[in-house]
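# Report on the structure
The primary structure of each chain is shown beneath.
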Amino acid sequence: MAGARQAQQWLLTLLPAFPVLLLVLRLWQLSQQDMSTMLLLVQYVSPLGLLSALLIALVWAFPVVVLTFGVLGRLLRLSAPDRFDPERSLLASGTARTPGWVISAAVALGALTWQLRFLPSLLMLGLWLLALRTRYLHPDQPTRILFVSVALPLAAAVLSYSVLGPAIWTACREGELATAALLAVPPAATLLLTGPIPGWIAPTLTHGLAFTVAAVLPVVMGAVFLRVPLLPTAAIEVLPKKAAESDPAAPTAAPGSAGTAQDGREVVLGALITVTDTSTIVLDRTATVRFLPNGWVESQVLCPQAAAVPYSLVSVGGWPVEETALDWMMPRRPVADPDIRCEGRLPGTS
């Protein structure tokens, strides 16, 4: 009894600290490991903006956790019921306390936020959970068990291969073996875990996989979040007034340098931290904080985030395998000519 409760207490204590740790690491990485810059970012960056970026970047992780641990816990309960003790095992405790609507919500959220190439894996996990739950709740109904454990996975596999077949062939032809495996393996693997496994190996296998997922997933989440932009990218056109008034012919930077004119006018491209009463504070591309007097700012423009370069050439009915259902359903942003200042160049220059 003490083992599961103590583990739950530690988990509930450390779980809120994980997002905070990710946010601190992201700011530390954004400041290029300079403590003064990091403290400035902490002072001005909105906590709501940080949490919003964290939520958008890692929303896919919730279905991974719920479905993976749900499958492992139900597999343990069905295969080795004598070792399924919610008072001693955290995996068993979480399985016993997770309601069905949470599983359904996780499947729906995964269908919206997972890339197309991961949806066959989502289908596999969902059918595994349905089959294991049916075997546990209705052990005296063999017809229902046969339908859920055999007929339904087989029909799902046939339907999946009929839809994904051309994409699998294209992935193999283009040498994208990982994409081909993600599309081809899960439909066939759905038939593997719709029932119990040998009881002597179930505890070791389920707990080992649970510990592996618990160790690897935070690393993957951190790697993903460290690439998420936290500040808006802006291009600010600056003209140092004092230098121009005292000697218009004296530039503030080397003549002919990128984004700099003879009169000292330049474009500062970087992450916009904040605008105070006296200065516009920018973190430029060299991770240097620049305090630009507001009187120097001639104009500024918000630069949209550059679209990620597609890695895969595979699509299913025109749906690229790297896009989520939300990306596919949402209206596309109109394509417009990029502002020349977002390239670090002044208007009128080539």
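Residues numbered from 1 in each chain as written. Predicted model: local features only at pLDDT ≥ 70, side-chain atom pairs only at ≥ 80, totals over all residues. Heavy atoms only, no water.

## Observations concerning the packing of helix α5 (residues 61-79) against helix α11 (residues 202-225)
Two elements in contact, α5 and α11, have axes separated by 9 Å at closest approach and are oriented at 170 degrees. Classified by the interaxial angle, the pair formed by α5 and α11 is roughly antiparallel. Contacts between α5 and α11 involve A61, V64, V65, T68, F69, L72, L75, L76 and S79 from the former and A202, P203, T206, H207, L209, A210, V213, A214, L217 and M221 from the latter. Class assignment of the residues belonging to the contact of α5 with α11 gives a composition of 15 nonpolar, four polar and no charged. (Axes fitted to C-alpha atoms, helices over the stretch in contact; angles between N-to-C directions. Helix = DSSP H or I, 4+ residues; strand = E, 2+ residues; numbered from the N terminus. Parallel < 35°, antiparallel > 145°, perpendicular 65-115°, else oblique. Contact = heavy atoms within 4.5 Å. Nonpolar A, V, L, I, M, F, W, Y, C, P; charged D, E, K, R; others polar.)

## A short note on the pairing of strand β3 (residues 279-284)
Burial analysis of β3 places six of its six residues in the buried class, which makes it a mostly covered element. Burial of β3 is two-sided: the residues S279, I281 and L283 facing one way and the residues T280, V282 and D284 facing the other way are all buried. Where strand β2 (residues 266-275) meets β3, five bridges bridge the pair, whose relative direction is antiparallel. Following the sheet pairing, V275 is matched in β3 by T280. If you look at the hairpin formed by β2 and β3, you'll find three residues sitting between the two strands. Relative to strand β4 (residues 289-293), β3 is paired through five bridges, and the arrangement is antiparallel. Within the sheet, the bridge partner assigned to I281 lies in β4 and is F291. (Buried < 20%, exposed > 50% of the residue type's maximum accessible area, 1.4 Å probe, protein only. Pairing = 2+ DSSP bridges.)

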